[in-house]
Structure formats: structure tokens, C-alpha cells
Amino acid sequence: MNDTTSFPALIVILVWLGISTATATARAAELTPGEQAFQKALGRRCQVIPLWTADTIPDEVKPLGAEQVGMKQGRPGTMQVRNVSQPSLTIASPPAAKNTGVALVLCSGDGYGSIAIEGVVESARWFNARGVTVVWLKYRVPKRNQGLVMYHHALQDAQRAVGILRSRAAEWKIDPEKIGVGGFSAGGHLATTIAMQHEPRLYKAVDASDAVSCRPDFSVLVNPSYLTDPILSRKLVSELQIVELSAKKTPPTFTASPDKTSSPSVPWNTHWRCAKRK
């Protein structure tokens, strides 16, 4: 091939590279700071699914400041996402050859004031290596303080998230009957809440995703907070409807509470275990 015949091909290649670079830059610009930080920490790009549009997001009464990412004071290396008003799902899929079809929606915590990133990143790597899709739920924080329970907006986001995953499971090679929810600390509280309060939906239906069940098929609760009031007491929180626990309504659940300050307490675990036998 001489220089004359190769020149058009070179132009095509340069144009293609320019378009690809511009597209990648545009996609990065569409991500919020929290989504960018998560993918940077994970070390790879993932698909991000917004949960709502501006005209469908429920119960928002006033705008927050811009979404921010920063280190948690007094805990070097712990990255937080603050001022979340654009909740989303980030899909971290396993290698295709290892995919088991199981998906785990993970809710990181930080007292419903912000969302920590590191725990989900570490979990995503571990579960992906074992064939499990990990979905980071970036739910709305901080709590809105508008006469609703502190987890109201986060639970709306969690219900919507499971519905989207289940209705579109084929897109990510997920088994719609193997979708679990897990979390740490306040995120563990959120996972506990949707395990028990998956119906009715706390918002008006937006699309077909809200027509399918948002009941998790299993739950993984690590250091779940706010299950007793005060947090170190043995008094169960009434808003969680723990008295309605049953094997039929509530999914199989794994709990781990090595930290006494965020433990769900002995009576809570006992109540859960007894209820699951009904």
C-alpha cells in the first residue's frame, strides 16, 4: 500500500479516535462526582442507571447543594459522598465466564448523612471474583427532615432500585429470582428496612419497573444500625414493623454484628430468628 492509498484510511482512523475520545469524555462528564469516585476506586468503568428523572423523583421539596466527594474527618482513607439528590445504580458485573446470575445490591452507610465508598468497592471485587454482580446503590442523603422517617427517601430509592434490576435483569445477565440487598451500618438498616417494607411502594409508579416485586430474594446485614432506640438499648424500633416478620414475607437473611455500637442487639436477632420459623 502506497502513501496515497493509505492517507484516507489514516484520516478515518484519526476521526474515529477523536469521536471515541469525545464520547468517553462526554460519558464521564455525565457521571456525578460520587459515581466518578466510585468507578475510579474500583478501577474500571461500569454502567450507571439513574433511578429517577427530575420530574419523577418523589418527595423532594427543596434543592440541595452540589454533590460532593471528600474524606471523612478523623478517618483517613474513608471517602464519603455527600448531598445526593440524583440517586443511581452502578452495575459492577463479574467476568462473563464466572457469572452465576446472582446480584447483590449494596447500600453503604454513614448515618444517613453521607455514603461511604470503600466497603462497597472491596465487596465488589470479592463478589465479582465469585461470579456475583454487585450493584452500588447511591441513595439520597442527607435525611431531608421534612416530617418523614429518616430513611423515607432512601427506602423509596431502594424499592425503585430492586424493581429496575428485576424488570431489566436480562440486560445484565442477572437471574430475576436471585437479587439480594445488603448493607453496612446505616446501609444495613436500609437493607433491613426493604427486607421488611418492600410493599407497598412509597411512591407513585413511574414505569413498568414499578409493576414487579421489589422484595429482595435474600439480605446480608453487616453491623446494621438504628434497629434499637436508643441505639445501645434492647428496645426494638417500632417503625421497622419487626412484629410483622415471617418466613413468607421476609427473605432469607444473614447478619453479622462484630461492633457493639452498631449491633442490632440480642433481642432483635432473637426476634428475627423466631419470626422466620413462622
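Residues numbered from 1 in each chain as written. Predicted model: local features only at pLDDT ≥ 70, side-chain atom pairs only at ≥ 80, totals over all residues. Heavy atoms only, no water.

Points about helix 2 (residues 33-42)
At step 1: Three or more residues of helix 2 are buried, namely Gly 34, Glu 35, Ala 37, Phe 38, Gln 39 and Leu 42.
At step 2: Where helix 2 is buried, its residues meet strand 1 (47-50), strand 2 (68-71), strand 3 (79-82), strand 4 (88-92), helix 3 (118-128) and strand 7 (133-138).
At step 3: At the C-terminal side of helix 2, Gly 43 shows a positive phi close to 90 degrees. (Buried < 20%, exposed > 50% of the residue type's maximum accessible area, 1.4 Å probe, protein only. Helix = DSSP H or I, 4+ residues; strand = E, 2+ residues; numbered from the N terminus. Contact = heavy atoms within 4.5 Å.)

Some words on the packing of aromatic side chains
At step 1: Here the structure, examined in full by the defined rule, presents 4 aromatic pairs.
At step 2: Each ring, one from Trp 126 and one from Phe 127, has its centre 5.0 Å from the other, and the planes form 85 degrees; the classification is edge-to-face.
At step 3: We classify Phe 127 as partly exposed; its relative accessible area is 23%.
At step 4: Sitting over the face of the ring of Trp 126, Arg 130 holds its NZ or CZ atom 3.8 Å from the ring centroid.
At step 5: Taking NZ or CZ as reference, Arg 160 lies 5.5 Å from the ring centre of Trp 52, over its face. (Phe/Tyr/Trp six-rings, centres within 6.5 Å; stacked < 30°, edge-to-face > 60°. Lys NZ or Arg CZ within 6 Å of the ring centre and 35° of its normal.)

Focus on empty space enclosed by the protein
At step 1: Tallying each qualifying case throughout the model produces 1 cavity of 30 Å³ or more.
At step 2: Taken as a whole, the largest cavity spans an internal volume of roughly 30 Å³.
At step 3: In terms of residue class, the lining of the largest cavity is built from 5 nonpolar, 1 polar and 3 charged. (1 Å grid on protein atoms, 1.4 Å probe; cavity = no way out; pocket = protein on both sides within 12 Å on 5 of 7 lines; lining within 4 Å. Points joined across faces, edges and corners; volume = space filled by probe spheres on them. Nonpolar A, V, L, I, M, F, W, Y, C, P; charged D, E, K, R; others polar.)

So, the nonpolar core
At step 1: Ranked by internal contacts, the top residues of the largest apolar core, which has 51 residues, are Leu 89, Ile 117, Leu 137, Tyr 139, Leu 165 and Leu 190.
At step 2: It is helix 4 (residues 152-167) that provides the largest number of residues to this core, a total of 7 residues.
At step 3: In this structure Ile 117 touches Gly 34, Ala 37, Phe 38, Ala 41, Met 79, Val 81 and Trp 136, once residues within four positions along its chain are discounted. (Core = buried A, V, L, I, M, F, W, Y, C linked by side-chain atoms within 4.5 Å.)

Describing the confidence of the model for the protein
At step 1: Mean pLDDT over the protein: 83, with 73% of residues reaching 70 or higher.
At step 2: Confidence over residues 1-5 falls short of pLDDT 50; this stretch has 1 contact with residues more than four positions distant or in other chains.
At step 3: Across residues 19-29, where pLDDT falls below 50, the model places 2 contacts with residues more than four positions away in sequence or in other chains. (pLDDT = per-residue confidence, 0-100.)

Let's talk about the sheet that holds strand 2
At step 1: Taken in spatial order, the 3 strands make up an open sheet running 2-3-6, and their pairing is antiparallel. The sheet is open, and its two borders are formed by strand 2 and strand 6 (115-116), each paired with just one other strand.
At step 2: Two elements, strand 2 and strand 3, share 4 bridges in a ladder whose sense is antiparallel. Paired with Met 71 across the two strands is Met 79, which belongs to strand 3. (Pairing = 2+ DSSP bridges.)

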